[in-house]
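These are the residues of each chain, in order.
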Amino acid sequence: VTGHRWDWVKEFPSKVIMTTRDAEEIRQSQMAYYRQDNIDVAKIRTLLAQEKVKLREGRIKHIVVDYRQFLSSPENTVSRIKDFIGSAVNEEKALNFINPEQNRFKSEELVKGL
């Protein structure tokens, strides 16, 4: 949650679903997307930690979802998200939108420090 969105989250009743991922996976994914090679993994780790602290200290209702865990057991995560937001969505339909093949940057396949 950044910029003016943070003000909205603090002002209006909100629930935040924060998705986390291995910092090196994020870094290499961003390098590919933005076509940059100067993205710092330490900065990514710091930003993730800072966001968690801001949510906790701001008393914003939130849950943290690990991306890899979501892909490996989507049923549990969809159910958890559904309960958190109070949704009546059909879980089976929601599960049809999850495609683990779209995870192109897996830590075990990355060249560390690239």
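Up top you'll find the structure we're talking about.
Structure report, in brief. Only a predicted model underlies this, so the values are computations on that prediction, with no experimental measurement involved.

**Considering helix α2 (residues 23-34)**
In this model, α2 (12 residues) spans 16 Å end to end at C-alpha, consistent with the 16 Å of a helix rising 1.5 Å per residue. Buried residues belonging to α2 abut α3 (41-57) and α4 (67-72). At the N-terminal boundary of α2, the capping side chain belongs to Asp22, with an oxygen 3.0 Å from the backbone nitrogen of Glu24.

**Details of the pairing of strand β1 (residues 15-20)**
Side chains Val16, Met18 and Thr20 project from β1 onto a buried face, and the interleaved Lys15, Ile17 and Thr19 project onto a face without burial. For β1 and strand β2 (residues 61-66), the ladder comprises six bridges, and the chain directions are parallel. Along β2, the bridge assignment pairs Thr19 with Val65.

**Some remarks on the packing of aromatic side chains**
Inspection of every chain in the model, using the stated rule, returns one aromatic pair. Measuring from ring centre to ring centre gives 4.9 Å for Tyr33 and Tyr34, while their planes differ by 85°; the resulting arrangement is edge-to-face. You can call Tyr34 partly exposed: its relative accessible area is 49%. Across from the ring centre of Phe84, 5.2 Å away, lies the NZ or CZ of Lys15, which sits over that ring.

**With respect to the environment of Pro74**
Within the secondary structure, Pro74 is located in helix α5 (residues 74-85). Remark: the alpha-carbon pair of Pro74 and Ile98, spanning 24 residues in sequence, is separated by 7.6 Å.

**Re the nonpolar core**
In this structure, Val16, Ile44, Leu48, Leu55 and Ile60 are the most contacted members of the largest nonpolar core, which totals 13 residues. Within the residue set of this core, elements represented by two or more residues are α1 (3-11), β1, α2 and α3. Residue contacts for Leu55: discarding those within four places in its chain leaves Trp6, Val16, Met18, Ile60 and His62. Among the nonpolar cores identified, the runner-up in size contains nine residues, and Ile63, Leu71, Val78 and Leu95 belong to it.

Definitions and cut-offs
Residues numbered from 1 in each chain as written. Predicted model: local features only at pLDDT ≥ 70, side-chain atom pairs only at ≥ 80, totals over all residues. Heavy atoms only, no water. Helix = DSSP H or I, 4+ residues; strand = E, 2+ residues; numbered from the N terminus. Expected span 1.5 Å × (residues − 1). Contact = heavy atoms within 4.5 Å. Polar contact = N/O pair within 3.5 Å; in protein donor to acceptor, adjacent residues only side chain to side chain. Buried < 20%, exposed > 50% of the residue type's maximum accessible area, 1.4 Å probe, protein only. Pairing = 2+ DSSP bridges. Phe/Tyr/Trp six-rings, centres within 6.5 Å; stacked < 30°, edge-to-face > 60°. Lys NZ or Arg CZ within 6 Å of the ring centre and 35° of its normal. Core = buried A, V, L, I, M, F, W, Y, C linked by side-chain atoms within 4.5 Å.

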